[in-house]
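So you can see what is in the structure, the chains are spelled out below.
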Amino acid sequence: MAADMQTSIATGLEQVRREMEQAGKLSPYGNKPQLVAVTKTVDVSRIEEAIACGVQAVGENRVQELLEKYAVIGNKVDWHLIGSLQTNKVKYIVDKVAMVHSLDREELAQELQKRCAAIGRTLPVLVQVNLTREESKSGFYEEDVIPFLQKAIAYPNLAIMGLMTIGLPSIDPEETRPVFRRLRELKEEISQLALPGVEMKYLSMGMSHDYPVAITEGANFVRVGSAIFGKRFYP
């Protein structure tokens, strides 16, 4: 599924889009998956190439890397912050990103609210859920999500639009299916509560090794990097 280093961006994108379409047809939930091309460690020229091939949204894990690329590319594409966000870096990105996928703690919600209110912006955010309970992953544990969302009215400048999770690192994507299924079920449970300031519109789940499975379980954002840009070796 993942492209190798020699595979062109256009070829990788074509394959990803084809598999997204196929998975969408298999999903019983009527979700229309949107692609967030993950550009961690990808240089500006290759991001520009992806944009020329029709990519409309890119995802960055690190604020510094996002800022450096944004300075060159600007608003040619929607920027999504998909990685862990330190509170002291919120001020640098609230006027630049289209969405934050990784709202993972109350302290971050408070800082995002403060900074967004200061510039008069309402920022779309997704609540990150750590369903696998791995210590290396960020996110609210499942039992803490609804209690947090019940206080969402305290964050009027945050448009809480759904949930995000990271699946298992397993080679077999089917092993992650129960994780994706549970996030969809949690989304449905939250929707039934009709909480003020909370809209369960999006599920951000699925990466290069498991995005078709995520789509069949209801994902409408998938975060795909290596299947488009080739394998990368992170420092």
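Residues numbered from 1 in each chain as written. Predicted model: local features only at pLDDT ≥ 70, side-chain atom pairs only at ≥ 80, totals over all residues. Heavy atoms only, no water.

Look at threonine 41: it is not a glycine, yet its phi comes out positive at around 70°. In this structure, threonine 41 sits in the loop between strand E1 (34–38) and helix H2 (44–52). For threonine 41, a relative accessible area of 34% gives the class partly exposed. A positive phi angle is found at alanine 194, which is not glycine, with a value near 50°. (Helix = DSSP H or I, 4+ residues; strand = E, 2+ residues; numbered from the N terminus. Buried < 20%, exposed > 50% of the residue type's maximum accessible area, 1.4 Å probe, protein only.)

Of all hydrophobic cores here, the largest spans 65 residues; its most connected members are Leu112, Leu149, Leu163, Ile190 and Ile228. Residues in contact with leucine 112, not counting those within four places in the same chain, are Leu85, Val90, Val94, Leu103, Leu123, Val125 and Leu158. (Core = buried A, V, L, I, M, F, W, Y, C linked by side-chain atoms within 4.5 Å. Contact = heavy atoms within 4.5 Å.)

On to the layout of surface pockets, then. As a volume, the second largest pocket reaches approximately 360 Å³. Within the residue set of the lining of the second largest pocket, elements represented by two or more residues are helix H1 (9–26), E1 and strand E3 (78–81). Considering every element that reaches the lining of the second largest pocket, the biggest residue donor is H1, with three residues. (1 Å grid on protein atoms, 1.4 Å probe; cavity = no way out; pocket = protein on both sides within 12 Å on 5 of 7 lines; lining within 4 Å. Points joined across faces, edges and corners; volume = space filled by probe spheres on them.)

This next bit is on empty space enclosed by the protein. Counted by the stated rule, this structure contains one cavity of 30 Å³ or more. Computed from the structure, the largest cavity encloses a volume of approximately 30 Å³. Lining the largest cavity are Thr165, Ile166, Gly167, Phe180, Gly206, Met207, His209, Asp210 and Arg223. For the lining of the largest cavity, the residue count by class is three nonpolar, four polar and two charged. (Nonpolar A, V, L, I, M, F, W, Y, C, P; charged D, E, K, R; others polar.)

The next point concerns the side chain of aspartate 210. You can see aspartate 210 is positioned in the loop between strand E7 (198–204) and helix H8 (211–216). For the buried aspartate 210, no salt bridge is present, and the opposite-charge side chain at shortest range is arginine 223, 7.3 Å distant. Within the structure, the side chain of aspartate 210 is placed 2.7 Å from the backbone nitrogen of methionine 207, a separation counted as a polar contact. Apart from residues lying up to four places away in sequence, aspartate 210 is in contact with Leu168, Pro173, Thr176 and Phe180. (Lys, Arg positive; Asp, Glu negative; His and termini not counted. Salt bridge = Lys/Arg side-chain N within 4 Å of Asp/Glu carboxyl O. Polar contact = N/O pair within 3.5 Å; in protein donor to acceptor, adjacent residues only side chain to side chain.)

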